[in-house]
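Examination of the molecular architecture
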Amino acid sequence: MKNMKKVISLALTAVLAASMLTGCGGNKADSDTFRIGGIGPTTGGAAIYGTAVMNAAQLAVDEINAAGGVNGYQLALNFQDDEHDAEKSVNAYNTLRDWGAQIILGSVTSAPCIAVAEKTQADNVFQITPSGTAVDCVKYDNAFRVCFSDPTQGVISAQYIKENGLGTKVAVIYDSSDTYSTGIYESFAAEAATLGLEIVATEAFTADTNKDFSVQLQKAKDAGADLLFLPIYYSESALILSQAAQIEYAPVIFSVDGMDGILGVENFDASLAEGVIFLSPFTSTVNAKAEVFSAAYEEKYGEIPNQFAADAYDAVYIIKQALEQGNATPDMSESELCDLLKAAMVEIEFSGTTGNSITWGADGEPTKEPIVIKIVDGVYTIM
Amino acid sequence: MSFIQYLINGISLGSVYALIALGYTMVYGIAKMLNFAHGDVIMVGAFTVYTLCSTLGLPPAVGILVAVVLCTCLGISIEKVAYKPLRKAASPLAVLITAIGVSYLLQNAVLLIFGADTKAFTSVVPIEPIKLADGQISISGETLVTVLVCLVIMVSLILFINKSKVGQAMLAVSEDKGAAQLMGINVNSTIAITFAIGSALAAVAGVLYCSAYPSLTPYTGSMPGIKAFVAAVFGGIGSIPGAFIGGILLGIIETFGKAYISSQLSDAIVFGVLIVVLLVKPSGLLGKNIQEKV
């Protein structure tokens, strides 16, 4: 028994020593490769988002490398799982830095992204998140994003509803336990007040009460709302749609990018979602680049890419364009690269799968036109 | 008019809690342990029916039957593998922790097999909603069936425990395991039967829960599991009618809280009421009723 313990402790010491060595070795980046570190959930409840980002980013990296790389240098991508957990995301970041990552692509989800942003800011590493929508994801000047922020979606939704006269009395059902949903709701309510759009019912639910919406729907119906705004994810929206049908309540349904994917819910009755309108950053048919990307993605991974995949694919090409803009070389330190990319980001104009002529401000927010989708005859249709 | 509709919605939600709480309270009453994996057995039952009926296209009756059999086997094996070896452990906490472990094991196993994507469950209840007062009030078929099934199960459980020989053995085991064994009762098989019944109920609860709220993920069972546990404590844990009343009341309080106070505060209201009830009556609404205690 005693011997056994000794053997184990020796083995553990050896592993520890070895891991330190590899840590040191990794920092010596090859000077002919740009190292991009990706972070996102590839297991756990948010795995579909992280996996999409990982797959699409790899696709973009492979394409760029095959076409001759960036400024004549190759890209390398290392993608680490964070299980949609802030602490694990920071661990993933540390692992990637040990590997020698010079640019961070991620995190995919908001809360982990905010945690990683604290680290990249302290280390002065350039960070671009494909899909972290919370305001704080890009609060530092080294962080940029591809998607719209939560407040932007709320404002755009209110404006679109008002301009197109989709409804006069609005009811909102949002998830008060979720920063994404609350962020959109608050900016929507503020913009609606400025525009004179009447909100007749504001109802909430939480992650613990996200099955039964009968009361919220009944209250919206009783208040005479002719438009229901749902700044939430599609899994709850699917339940809301079926429960609304049960009480024969048929308002115009307006939603945000969280609705994207509702037609992909297995076994879902698509007729329930007929006429639903939502903002989306991406559909596979929105422009030529999106079509090419969708075909390549489908061929490689066997499924149609979602918006997370498109955001990630664009993020890699944005990094490429910014590196070219600044004439970057891989032998630069992370800090030099970060300063160079920060300057390049506000200069470039990017056209990709999620929009044309996208520009960035120093605040890290993209400027682009939203795509409005309506579900007609069971398919996403661009309006 | 909307008051009545809210009441119906509350009963609808509550009947699901009650159905799950019956299984909880049954296992607690006899084995004296909190089976935190109960909610996840519900989820397994629902996934079984989903696979058989929605994917393979078998009739719902077959799906439900297979789900009940599968969950019964699952319940017995969980008890044999995870709980029985710890029954004599010094601290009752050991079994509690194992139960939490089993809960995660089931969730992650299903996550691995079916993935994290939400699935839309097809209702197994073919009854059309009943419309009253010119369609202003509607009672869904799922609500009717759930309440009915709940009542039937409650009455049969009470009869089974008080009238049958096995039921009497359960009562004896719940009061004193050692003495029961001396009287020639096989404690191990009695507890195994308890788990079998509890898990069969979980399968039925899972099917009805997902019929009423048709979305299915590997985490579907955890929240109703906790709510049903609260309902069981509310009604007096160990008491079978208590679980029923506790479940229905919990549903009604939740719905009325959402409707008349604030949908933002609905859970705070539910748990606030729970605290008040437990302060006034620490054993729950029907907790002192030793006659009914199984």
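What you see is a predicted model, and the numbers here were worked out from it, not measured in a lab.

1. What to know about the overall build of chain A
When helices and strands are tallied, chain A shows 11 helices and 15 strands. Computed over the C-alpha atoms, the radius of gyration of chain A is 23 Å, within 12% of the 21 Å expected from 2.2 N^0.38 for a compact globule of 383 residues. Counting only C-alpha atoms and orienting by the principal axes, one finds that chain A spans roughly 70 × 60 × 40 Å. Considering only intrachain contacts with a sequence separation of at least 6, the fraction spanning at least 24 residues in chain A is 67%.

2. Quick look at the overall build of chain B
A count of helices and strands for chain B gives 11 helices and four strands. In terms of overall size, chain B behaves like a compact globule, its C-alpha atoms giving a radius of gyration of 19 Å where 294 residues would be expected to give roughly 19 Å. C-alpha atoms of chain B, sized along the principal axes, occupy 65 × 50 × 35 Å. Expressed as a percentage of the 294 residues in chain B, the buried residues total 51%.

3. Side note on the nonpolar core
Grouped together as the largest cluster of nonpolar side chains are 200 residues, with contacts concentrated most on A56 and A57 of chain A together with L22 and A46 of chain B. In terms of residue count, the dominant contributor to this core is helix α1 (residues 2–31) of chain B (16 residues). Setting aside residues no more than four positions away along its own chain, A46 of chain B makes contact with F121, G206, V207, Y209, C210, L216 and T220 of chain B.

4. What to know about the packing of helix α2 (residues 38–55) of chain B against helix α8 (residues 187–212) of chain B
All names here are of chain B. Relative to each other, α2 and α8 sit at 60°, their axes nearing to 7 Å. One element, α2, and the other, α8, form an angle in the oblique class. Along this stretch, α2 crosses α8, giving a crossing that reads as right-handed. Residues H38, V41, I42, M43, G45, A46 and V49 of α2 form the contact with α8, whose own contacting residues are G198, S199, A202, A203, A205, G206, V207, Y209 and C210. Of the residues in the contact of α2 with α8, the class split is 11 nonpolar, five polar and no charged.

5. Some details on the domain arrangement of chain A
All names here are of chain A. Entries for chain A in the domain assignment read domain 1 (27–148 + 287–368) and domain 2 (151–280). Here the C-alpha centroids of domain 1 and domain 2 sit 31 Å apart. Each partner contributes residues to the interface: domain 1 has seven residues there, and domain 2 has 10 residues. For the side of domain 1 that touches domain 2, the class distribution of residues is three nonpolar, four polar and no charged.

6. Considerations on the interface of chain B and chain A
Counting from both sides, the interface comprises 28 residues of chain B and, opposite them, 30 residues of chain A. Of all elements in the fold, only α1, β1 (119–120), α10 (240–261) and α11 (266–280) of chain B reach the threshold of two or more residues within the side of chain B that touches chain A. The biggest single contributor to the side of chain B that touches chain A is α1 of chain B, with five residues. Grouping the constituent residues of the side of chain B that touches chain A by class yields 10 nonpolar, 14 polar and four charged.

7. A closer look at the packing of helix α3 (residues 60–83) of chain B against helix α4 (residues 93–114) of chain B
Residue and element names in this part refer to chain B. In the contact formed by α3 and α4, the axes pass within 10 Å of each other and the chain directions differ by 130°. If you check the angle between α3 and α4, you find them oblique. As α3 runs across α4, the sense of the crossing is right-handed. Across the interface between the two elements, I78, A82 and Y83 from α3 touch V95, T98 and V102 from α4. Partitioning the contact of α3 with α4 into residue classes produces five nonpolar, one polar and no charged.

8. Things to note about the sheet that holds strand β12 (residues 355–360) of chain A
Residue and element names in this part refer to chain A. Strands sit in the order β11-β12-β13 across an open sheet of three strands; the sheet is antiparallel. A single partner strand is all that each edge strand has here, and the edge strands are β11 (350–352) and β13 (366–367). Bridging between β12 and β13 involves two bridges; their strand directions are antiparallel. Counterpart to W360 in the pairing with β13 is P366.

9. Examining helix α4 (residues 110–123) of chain A
Residues and elements named next belong to chain A. Taking 1.5 Å of rise per residue, 14 residues should cover 20 Å, and α4 covers 20 Å from first to last C-alpha, within 8% of that figure. For α4, the complete set of buried residues consists of S110, P112, C113, I114, V116, A117 and T120. Residues of α4 that are buried sit in contact with β1 (33–40), α3 (86–99), β3 (103–105), β4 (126–129), β5 (143–145) and α6 (179–195). Immediately beyond the C-terminal end of α4, within one or two residues, lies N124, with a positive phi of roughly 55°.

10. Examining the pairing of strand β10 (residues 277–280) of chain A
Residue and element names in this part refer to chain A. With burial as the criterion, each face of β10 is covered, one bearing I277 and L279 and the other bearing F278 and S280. Where strand β9 (residues 252–255) lies against β10, two bridges are found, and the strand directions are parallel. Across the sheet, S255 pairs through a bridge with F278, a residue of β10. Alignment of β10 against strand β14 (residues 371–376), held across four bridges, turns out to be antiparallel. Residue pairing across strands places S280 opposite I371, the latter belonging to β14.

11. Some thoughts on the environment of L65 of chain B
Residue and element names in this part refer to chain B. Relative to the helices and strands, L65 resides in helix α3. On the basis of neighbour count, L65 is assigned to the partly exposed category, with 15 C-beta atoms found within 10 Å. Considering only alpha carbons, one finds L65 and T48, 17 residues apart in sequence, at a separation of 10.0 Å.

12. Some details on helix α7 (residues 214–222) of chain A
Within α7 of chain A, eight of the nine residues are buried, which leaves it mostly tucked inside the rest of the structure. Those residues of α7 of chain A not exposed but buried are S214, V215, Q216, L217, Q218, K219, A220 and K221 of chain A. Packing partners of the buried residues in α7 of chain A comprise β6 (169–175), β7 (198–205), β8 (227–230) and α8 (234–246) of chain A together with α1 and α10 of chain B. Directly after α7 of chain A, the chain includes G224 of chain A, whose backbone phi takes a positive value near 75°.

13. Section: the confidence of the model for chain B
Residues at a pLDDT of 70 or more form 98% of chain B, whose mean pLDDT is 88. Among the prediction metrics, the complex's ipTM stands at 0.80, with pTM recorded as 0.78.

14. Here's the deal with the sheet that holds strand β15 (residues 379–382) of chain A
All names here are of chain A. Taken together, seven strands build an open sheet; the order of strands is β7-β6-β8-β9-β10-β14-β15 and the sheet is mixed. In this open sheet, the two edge strands, each paired with only one partner strand, are β7 and β15. Averaged over all neighbouring strand pairs, the angle between strand axes comes to 25°, with direction disregarded. Those strands touched by α6 are β6, β7 and β8, and its axis lies near 160° from that of β6.

The rules behind these values
- Residues numbered from 1 in each chain as written.
- Chains lettered and ligands numbered in written order.
- Predicted model: local features only at pLDDT ≥ 70, side-chain atom pairs only at ≥ 80, totals over all residues.
- Helix = DSSP H or I, 4+ residues; strand = E, 2+ residues; numbered from the N terminus.
- Rg over C-alpha atoms; globule rule 2.2 N^0.38 Å.
- Contact = placed C-beta atoms within 7 Å.
- Buried ≥ 20, exposed ≤ 12 C-beta atoms within 10 Å, placed from the backbone.
- Core = buried A, V, L, I, M, F, W, Y, C linked by C-beta atoms within 7 Å.
- Axes fitted to C-alpha atoms, helices over the stretch in contact; angles between N-to-C directions.
- Parallel < 35°, antiparallel > 145°, perpendicular 65-115°, else oblique.
- Left-handed = near helix turned anticlockwise from the far one by under 90°.
- Nonpolar A, V, L, I, M, F, W, Y, C, P; charged D, E, K, R; others polar.
- Domains from an automatic or database assignment.
- Pairing = 2+ DSSP bridges.
- Expected span 1.5 Å × (residues − 1).
- pLDDT = per-residue confidence, 0-100.

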